[in-house]
Amino acid sequence: MSVGISILGATGSIGASTLDVIERHPDRFRCVAASARGDVDGMLAICQRHRPDLVAMVDADAAARLSTLLREHSIPTEVVPGEAGLLAVAEHPSAEQVMAAIVGAAGLLPTLAAARQGKRVLLANKESLVMSGALLMDAIEAGGAELLPIDSEHNAIFQCLPGGFRCGLAPTGVEEILLTASGGPFLDTPLDQLTDMSPDAACAHPNWVMGRKISVDSATMMNKGLEVIEAAWLFGLPAGRIRVIVHPQSVVHSMVRMADGSVLAQLGEPDMRTPIVYGMAWPERLDGGVRSLDLVAAGPLEFRDPDLERFPCLRLAGEALVAGGAAPLVLNAANEVAVDAFLRGAVRFTEIPEVIDASLSRAGSEASPDSIDAILAMDGEIRRFAGEFIGNREGRRRHA
Ligand code: NDP
Ligand code: MG
């Protein structure tokens, strides 16, 4: 019997890599359900190849268009529109595993639903853990779910920890986690040129091909900041025991320093199919189509400390983790608004941290909301504030 997999965010970069792994092992895995926001052509192609039982399209018009096309192609896949569709994909009874690969806060509710249903949650959507780590970890435990990190760094760390380790427990014998960061496309760009960097330049990552939001996050290093918070939840360690190291070649995907002085690392090609197939096959190992690493061809490997003047977003994320309470939620919401505005040309690259900083100052030291409704309400409030902050700034610029 093959393992049923639901893919949240199937038309994205992680979704495509997951489907590629499934196609390589048709005897082992089947895509039983999939979701997208509005990409009708992408979802039609998935339905033609994979014949899932059910798909969700958040956009209602897109759902209607997809239904028509599926009928024309005589494909019996059911289409469920809206947020209800996302939950139907997450909770599909034939899915033992759920790939959580929606980008941003929109991934939170379906990821929580999969956890409550006791699925194996393959977590790519780091934003859900940053927004509501306590709630998601509780849902994993209450639902009897398994949580396997797909983010390459966290997957690397998971691989380096003792065999019996489960996410959410504090690992024994670990002194420090060393999270590697490529530094993105602007690692060595002269500081005075950063302000003029375009969305396309920010999305031109030197090593990884990813969606546009995470690509901008990599350019600001907010991605690493979110990952530090993600690591704190997954591996039960405080901020002081999670260290970021810039490693421009992206060969070492992260490391763990043990009490006896050993440093364990996981190395590989920068290809997300490695962590994806690891999570799907765990505790077995399968081929995910990734070419083998040639260390001689990879050349010298460099490691440096991050420059917090160049990457203020990384500093803000570290401060948010230490501050605790609502700060990580605020950081994430403001970042999503700022990155979206940057991609639309409404703010400059160097204004992204300013939007986040202003939002964190406005929220002060509010306690962490303890229910999903309170989390979503605060997320919405911060989004409105950040949007207004950007609007006022645009207005001032027009009048200058
Ligand atoms: P993409 O932008 O490539 O894909 C995003 C997916 O989410 C698409 O299927 C998109 O649908 C869907 N989506 C977007 N907005 C919404 C919404 N409001 N509601 C429902 N669905 C939505 O992103 P990536 O695949 O790059 O990233 C996905 C997640 O994985 C992110 O959280 C990212 O941080 C994380 N991640 C990604 C890595 C990578 O290599 N790409 C590496 C590590 C983590 P549609 O196509 O219809 O718009
Ligand atoms: Mg990562």
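Residues numbered from 1 in each chain as written. Chains lettered and ligands numbered in written order. Predicted model: local features only at pLDDT ≥ 70, side-chain atom pairs only at ≥ 80, totals over all residues. Heavy atoms only, no water.

**Brief notes about the coordination of the magnesium ion (ligand 2)**
Here is the rule: Coordinating donors are taken to be N, O and S atoms lying within 2.8 Å of the metal, or within 3.2 Å when the metal is Na, K or Ca; because water is excluded from the atom set, some sites may appear incomplete. Secondary structure elements follow DSSP: runs of H or I of four or more residues count as helices, runs of E of two or more count as strands, with numbering from the N terminus.
At the metal site, the magnesium ion (ligand 2) is ligated by D151 (OD), E153 (OE) and E227 (OE), and these contacts range over 2.1 to 2.2 Å. Within one chain, the residues donating to the magnesium ion (ligand 2) are spaced in sequence as D-x1-E-x73-E. Pair noted here: E153 is in helix α7 (residues 152-160) and E227 is in helix α10 (residues 222-235), with a separation of 74 residues, a long-range link.

**So, the packing of aromatic side chains**
This is how the line gets drawn: For this analysis, a ring pair means two rings from Phe, Tyr or Trp (six-membered ring only for Trp) whose centres lie within 6.5 Å, classed as stacked if their planes differ by under 30 degrees, edge-to-face if by over 60, and tilted for the remaining angles. To sort residues, take the accessible area from a 1.4 Å probe on protein chains only and compare it with the maximum for the residue type: under 20% means buried, over 50% means exposed, and anything in between is partly exposed.
Applying the stated criterion to the full structure yields 7 aromatic pairs. Look at F165 and F235: their rings are 6.0 Å apart centre to centre, the planes differ by 35°, and that puts the pair in the tilted class. In this pair, F165 sits in the loop between α7 and β8 (174-181) while F235 sits in helix α10, placing the two residues 70 residues apart along the sequence. Residue classification places F165 among the buried residues on the basis of a relative accessible area of 7%. Here F186 and F349 contribute two aromatic rings whose centre-to-centre distance is 5.0 Å and whose plane-to-plane angle is 85°, an arrangement assigned as edge-to-face.

**Considering the site of ligand 1**
For clarity, the cut-off: We call a residue near a molecule or strand when any one of its heavy atoms sits within 4 Å of it. Here a polar contact is recorded for every N or O atom pair within 3.5 Å, except that within protein the pair must consist of a potential hydrogen donor and a potential acceptor, and residues adjacent in sequence are included only if both atoms are side-chain atoms. Only the protein chains shown count as cover for residues, and all accessible areas are computed by the Shrake-Rupley method using a 1.4 Å probe. Under the scheme applied, nonpolar residues are Ala, Val, Leu, Ile, Met, Phe, Trp, Tyr, Cys and Pro; charged residues are Asp, Glu, Lys and Arg; polar residues are all the others, including Gly. The start and end points of each domain follow an automatic or database-based domain assignment.
Taken together, 24 residues lie around ligand 1, and T11, S13, G38, E127 and G211 are the ones closest in. A distance of 2.9 Å is found between an oxygen atom of ligand 1 and a backbone nitrogen or oxygen belonging to I14. At 2.9 Å, a backbone N or O of R37 approaches an oxygen atom of ligand 1. Here ligand 1 has 900 Å² of accessible area as a free molecule, and 87% of this is covered by the chains. At the level of secondary structure, the elements contributing two or more residues to the shell around ligand 1 comprise α1 (13-24) and α6 (126-143). Across the shell around ligand 1, the residue classes break down as 12 nonpolar, 7 polar and 5 charged. Residue assignment places the shell around ligand 1 across two domains, with domain 1 (3-149) and domain 2 (159-298) each supplying three or more.

**Some points on the sheet that holds strand β6 (residues 120-123)**
Note the cut-off: DSSP calls a pair of strands paired once it identifies at least 2 bridges connecting them. To get an axis, fit a line to the C-alpha atoms, keeping to the stretch in contact for a helix; angles then go from 0 to 180 degrees between the N-to-C directions.
Pairing within the open sheet is parallel, and its 7 strands lie in the order β4-β3-β2-β1-β5-β6-β7. Looking along the sheet, the strands with just one partner apiece sit at the ends: β4 (78-81) and β7 (146-149). Sheet twist, expressed as the mean angle between neighbouring strand axes with direction ignored, is 20°. Looking at chain direction, strand β1 (residues 3-8) and strand β5 (residues 97-100) are connected through 4 bridges and run parallel.

**A word on the pairing of β6**
Counted only if it meets this: Seen with the strands pointing away from the viewer, any crossover whose path from the first strand over the helix to the second strand runs clockwise is right-handed.
Neither face of β6 is left uncovered, since the one carrying R120 and L122 and the one carrying V121 and L123 both have all their residues buried. In terms of strand pairing, β5 meets β6 through 4 bridges, oriented parallel. Looking at β6, one finds that V98 is bridged to V121. Between β5 and its parallel partner β6, the chain crosses via helix α5 (residues 108-116), and the hand of that crossover is right-handed. Pairing of β6 with β7, which is carried by 4 bridges, proceeds in the parallel orientation. Counted as the bridge partner of R120 is E146 from β7. Regarding topology, α6 serves as the crossover connection from β6 to the parallel β7, and that connection is right-handed.

**Here's the deal with the domain arrangement of the protein**
Stated formally: Two residues form a contact once any of their heavy atoms are found within 4.5 Å. Summed over both partners, the accessible area (1.4 Å probe) lost when two parts come together is defined as the buried area.
Domain boundaries assigned for the protein yield domain 1 (3-149), domain 2 (159-298) and domain 3 (324-398). Taken together, the contacts link 10 residues of domain 1 with 11 residues of domain 3. Where domain 1 abuts domain 3, roughly 760 Å² becomes buried across the two surfaces, and 75% of that area is made up of carbon and sulfur atoms. Three residues, V130, M131 and L135, lead the burial of domain 1 against domain 3; their summed loss comes to 56% of the area buried on that side. Across the domain 1-domain 3 interface, the total number found is 1 residue pair in polar contact (both at pLDDT 80 or more). Broken down by secondary-structure element, the contributors of at least two residues to the side of domain 1 that touches domain 3 are α5 and α6. Considering only residue class, the side of domain 1 that touches domain 3 consists of 7 nonpolar, 2 polar and 1 charged.

**Focus: the packing of helix α13 (residues 312-323) against helix α14 (residues 327-343)**
Relative orientation and spacing of two packed helices are given, respectively, by the angle between their axes and the distance between those axes. As a reminder of what qualifies: When an angle is under 35 degrees it counts as roughly parallel; over 145 it counts as roughly antiparallel; between 65 and 115 it counts as roughly perpendicular; any other value is oblique.
At their nearest, the axes of α13 and α14 sit 7 Å apart, and the two run at 150° to each other. Here α13 is positioned roughly antiparallel relative to α14, judged by the angle of their axes. Residues L316, A317, A320 and A323 of α13 pack against A327, P328 and L331 of α14. Residue composition of the contact of α13 with α14, by class: 7 nonpolar, no polar and no charged.

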